[in-house]
Amino acid sequence: VQLQASGGGLVQAGGSLRLSCAASGRTFSRYAMGWFRQAPGKSREFVAAISWGGASTYYADSVKGRFTVDRDNAENFGYLQMNSLKPEDTADYYCATSRVPLAVPTTDESGYDSWGQGTLVTVSS
């Protein structure tokens, strides 16, 4: 799958952004999708994931209750709705699809083999 993330930008603390991930290539609907982020000087970390059919979602504790992951398999898009943003959410955000079709989503980035380019989210205080 080829992935392209978009939707990042500058927002004030408490604001919202919706990231999109456009997929093309192999059948997007057969693969779990994950969102990861990397802040300056830090390693990439798991944010959220959604199963191939969209029935199951998973979140990092730091974003639970504020972020929502979703997907539209008919349109080959994934989304990350981010509400109540905090300065510590500032990072490059990446979407990725699972290495194995129909796999249960994992929080480990080694479980993903297709990555989009990052989209920068900056949250000002």
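Remember, it's a predicted structure, so these values are computed and weren't measured experimentally. Each chain carries its own residue numbering, running from 1 in the direction its sequence is written. Where totals are concerned, whole chains, interfaces and linings use all residues; where local detail is concerned, this predicted model gives features only for residues with pLDDT of at least 70, and gives and counts side-chain atom pairs only at 80 or more. Note that the side-chain values use all heavy atoms of the structure and ignore hydrogens as well as water.

Observations regarding the nonpolar core
Using the following cut-off: Side-chain atoms within 4.5 Å link the members of a nonpolar core, which is a set of buried Ala, Val, Leu, Ile, Met, Phe, Trp, Tyr and Cys residues. For every residue, the accessible area obtained with a 1.4 Å probe (protein chains only) is divided by the maximum for its type, and the residue is called buried under 20%, exposed over 50%, and partly exposed between those limits. A run of H or I in DSSP counts as a helix once it spans at least four residues, and a run of E counts as a strand once it spans at least two, with each numbered from the N terminus. The contact criterion used throughout is that any non-hydrogen atoms of two residues lie within 4.5 Å.
Trp35, Val47, Phe67, Val69, Leu80, Met82 and Tyr93 are the most contacted members of the largest nonpolar core, which totals 33 residues. Of all the secondary-structure elements, those providing two or more residues to this core are strand S1 (2–6), strand S3 (17–24), strand S4 (33–38), strand S5 (45–50), strand S7 (67–72), strand S8 (77–82), strand S9 (91–98) and strand S11 (119–124). With five residues, S5 is the largest single contributor of residues to this core. With sequence-adjacent residues up to four places away left out, tyrosine 93 is seen in contact with Ala5, Leu19, Phe36, Arg37, Val47, Phe67, Leu80, Met82, Gln117, Gly118, Thr119 and Val121.

Focus: the packing of aromatic side chains
To keep it simple, the criterion reads: Only Phe, Tyr and Trp rings take part, Trp by its six-membered ring, and two of them pair if their centres are within 6.5 Å. Stacked means planes under 30 degrees apart, edge-to-face means over 60, and tilted covers everything else.
If you walk through the whole model with that rule in mind, you get five aromatic pairs. On the numbers, 5.7 Å between centres and 75 degrees between planes, the contact of phenylalanine 36 with phenylalanine 46 is edge-to-face. Of this pair, phenylalanine 36 sits in strand S4 while phenylalanine 46 sits in strand S5, placing them ten residues apart in sequence. On the basis of relative accessible area, phenylalanine 36 is assigned to the buried category, the value being 1%.

Details of the state of the cysteines
Heads up, the rule is: Disulfides are defined in this document as cysteine sulfur pairs within 2.5 Å.
One pass over the full model with this rule turns up one disulfide. Residue cysteine 21 pairs covalently with cysteine 95 via a disulfide, S to S 2.1 Å. Taking the sign of the S-S torsion, 75 degrees for the link of cysteine 21 and cysteine 95, the bridge is right-handed. Of the two residues, cysteine 21 is situated in strand S3 and cysteine 95 in strand S9; the sequence distance between them amounts to 74 residues. You'll find cysteine 21 and cysteine 95 in the same group, each marked buried.

Considering the sheet that holds S1
Note the cut-off: Strand pairing follows a simple DSSP-based rule, namely that at least 2 bridges must link the two strands. Helix axes use the C-alpha atoms of the stretch in contact, all axes being lines fitted to C-alpha atoms, and the angles between their N-to-C directions lie in the range 0 to 180 degrees.
A sheet is described by the order of its strands in space; here four strands give the open sequence S1-S3-S8-S7, paired in antiparallel fashion. The open sheet terminates on both sides in strands that have one partner only, identified here as S1 and S7. Neighbouring strand axes in the sheet, compared pairwise and without regard to direction, differ in orientation by 15 degrees on average.

Observations regarding the layout of surface pockets
Convention followed: Cavities and pockets are defined on a 1 Å grid built over the protein atoms alone: a cavity is a set of grid points where a 1.4 Å probe fits but cannot escape, while a pocket is an open set with protein on both sides within 12 Å along at least five of seven lines, and lining residues are those with an atom within 4 Å of any such point. Grid points are joined across faces, edges and corners, and a volume is the space filled by probe spheres set on the points. For this scheme, ten residues count as nonpolar: Ala, Val, Leu, Ile, Met, Phe, Trp, Tyr, Cys and Pro. Four count as charged, namely Asp, Glu, Lys and Arg, and the remainder, Gly too, count as polar.
Considered as a void within the structure, the largest pocket measures approximately 160 Å³ in volume. Every residue along the wall of the largest pocket is listed here: Arg37, Gln38, Ala39, Lys42, Ser43, Glu45, Pro87, Glu88, Thr90 and Ala91. The class makeup of the residues in the lining of the largest pocket is three nonpolar, three polar and four charged.

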